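Coordinates in review
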Amino acid sequence: MLHKLHRMSALVIGTFIFAHLINHLFILGGVQQHIDVMDAFRVIYRNLIVESVLLLCVAFQASSGVYFVWKRRGQREGFLEKAQAISGLYLAYFFLNHVGVVLFGRVFTGLDTNIYYGIAGFHVAPFQLYFVPYYFFAVVALFVHLASAFNWLSRDKITEALRSRLAFLIIVIGIIISTTLMLGFSGAFGEINIPAEYSAIYE
Ligand code: HEM
């Protein structure tokens, strides 16, 4: 029952994250494009009902995930089973941190929690030493977790060799997307000028 709920909640969060990552890829077209797309997506997720459901799912996902890791401690075998637990734990840490910081920003700083808020730390030394790996591994962990879930759910449908190859492909795609995002957020594809009120958070 708990596993079923974990998968259902993953679908809700997964839908948001899919849109969230597409939104982030718009950084390749510049900050203004990213902000415009986020404004459009906010019409859907920034309302009491959708946001409450999303945040409840995040809390449930993180706590049920940590419980699963604890319950099956010492029993996991093979790369993907172990990677599922490690990526899940990192995602739980990231989720709570990331959502907490976004909600803190909205309630206490008076700033619009747009992409400037998300990546100001990339542009104020030495905070990029924390934020680049923090976000990089979050996106990679997401794809590793997806690959592990795929590997488990397809166990009776395709051969083990094909499952492993497809799971590996999912992880490689994740690494490529994450690297592209980190380069984009760092300003590798176009200059990013963080407004003073956002960089002031770190000064
Ligand atoms: C790749 C780097 C990422 C950046 C720069 C980033 C940035 C942001 C920003 C700026 C917001 C606030 C959105 C708003 O105010 O409308 C936000 C919200 C959020 N992000 Fe991320 N994000 C990243 C990756 C992720 C990942 C990998 C996940 C999931 C594993 C995630 C999950 C969320 C969630 C659940 C929210 C809360 C939505 C809400 O209720 O407003 N983010 N993110």
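Everything discussed here concerns the structure shown above.
Before going into details, it helps to say that this report is about the structure given with it. (Residues numbered from 1 in each chain as written. Predicted model: local features only at pLDDT ≥ 70, side-chain atom pairs only at ≥ 80, totals over all residues.)

1. What about the site of the ligand?
For clarity, the threshold we go by: A molecule or strand has a residue near it when that residue's C-beta atom, placed from backbone coordinates, lies within 6 Å of it. Only runs of H or I of at least four residues qualify as helices and only runs of E of at least two qualify as strands under DSSP, and these elements are numbered from the N terminus.
Around the ligand, 27 residues are found, and the nearest of them are Val102, Thr113, Gly118, Tyr135 and Ala138. For the shell around the ligand, the secondary structure elements donating two or more residues are α1 (2-25), α2 (31-45), α3 (48-71), α4 (79-109), α5 (115-119) and α6 (128-153). Top element by residues in the shell around the ligand is α4. It accounts for six residues.

2. Observations regarding the packing of α1 against α3
Helices that pack against each other are described as a pair by the angle of their axes relative to one another and the distance between those axes. Which entries qualify depends on this criterion: Interaxial angles span 0 to 180 degrees and are taken between N-to-C directions of axes, which are lines fitted to C-alpha atoms, for helices over the stretch in contact. Here roughly perpendicular refers to angles of 65 to 115 degrees, roughly parallel to angles under 35, roughly antiparallel to angles over 145, and oblique to all remaining angles. For any pair of crossing helices, the crossing counts as left-handed if the nearer helix is rotated counterclockwise from the farther one by less than a right angle, and right-handed if it is rotated clockwise. Each residue is represented by a C-beta atom placed from its backbone, and any two residues with such atoms within 7 Å are regarded as in contact. Residue polarity follows a fixed list, in which Ala, Val, Leu, Ile, Met, Phe, Trp, Tyr, Cys and Pro are nonpolar, Asp, Glu, Lys and Arg are charged, and the others, Gly among them, are polar.
The contact between α1 and α3 brings their axes to 9 Å, and the two run at 135°. As far as their axial angle goes, α3 and α1 are oblique. The way α1 lies across α3 gives a crossing that is left-handed. Of α3, the residues touching α1 (which contributes Leu2, Leu5, His6, Ser9, Ala10, Val12, Ile13 and Phe16) are Val53, Leu54, Cys57, Val58, Phe60, Gln61, Ser64 and Gly65. Here the residues of the contact of α1 with α3 are counted per class, giving 11 nonpolar, five polar and no charged.

3. Brief notes about the environment of Gln128
Cut-off, in case you're wondering: Residues with at least 20 neighbouring C-beta atoms inside 10 Å of their own are called buried, those with 12 or fewer are called exposed, and the rest are partly exposed, where every C-beta is derived from the backbone.
The topology assignment puts Gln128 in helix α6. A residue is classified by how many C-beta atoms lie within 10 Å of it, and Gln128, with 17 of them, is partly exposed. Here the alpha-carbon distance between Gln128 and Ser186, two residues 58 residues apart in the chain, equals 8.7 Å. When residues no more than four places from it in sequence are discounted, the contact partners of Gln128 are Gly121 and Phe122.

4. Here's the deal with α4
Put simply, the test is: Multiplying one less than the number of residues by 1.5 Å gives the expected span of a helix.
Taking 1.5 Å of rise per residue, the 31 residues of α4 would be expected to cover 45 Å, and the 42 Å separating its terminal C-alpha atoms lies within 8% of that figure. Among the residues making up α4, those that are buried are Leu80, Gln84, Ser87, Gly88 and Leu91. Summarising the contacts, the buried residues of α4 are in contact with α3, α6 and α7 (160-186). In the segment just after α4, Gly110 is the residue with positive phi, at about 75°.

5. Details of the nonpolar core
In plain terms, the rule: Note on terminology: a nonpolar core is a set of buried residues of type Ala, Val, Leu, Ile, Met, Phe, Trp, Tyr or Cys, with members joined through C-beta atoms within 7 Å.
Formed by 13 residues in total, the largest nonpolar core has its most connected members in Leu142, Phe143, Val144, Ala147 and Ile171. At nine residues, the largest contribution of residues to this core is made by α6. Each residue touching Val144, except ones within four places of it in the same chain, is listed here: Ala83, Ser87, Ile171 and Gly174.

6. As for the environment of Ser64
Mapped onto the fold, Ser64 is located in helix α3. With 18 C-beta atoms counted inside 10 Å, the residue Ser64 sits in the partly exposed group. As a C-alpha pair, Ser64 and Ile17 span 47 residues in sequence and 19 Å in three-dimensional space. Aside from chain neighbours lying at most four places away, what touches Ser64 is Leu2, Leu5 and His6.

7. Some details on α7
Spanning 27 residues, α7 covers 39 Å between terminal C-alpha atoms, matching the ideal 39 Å at 1.5 Å per step. Listed in full, the buried residues belonging to α7 are Ala167, Ile171, Gly174, Ser178, Gly184 and Phe185. Immediately beyond the C-terminal end of α7, within one or two residues, lies Gly187, with a positive phi of roughly 95°.

These values are about where atoms sit, not about what they do.
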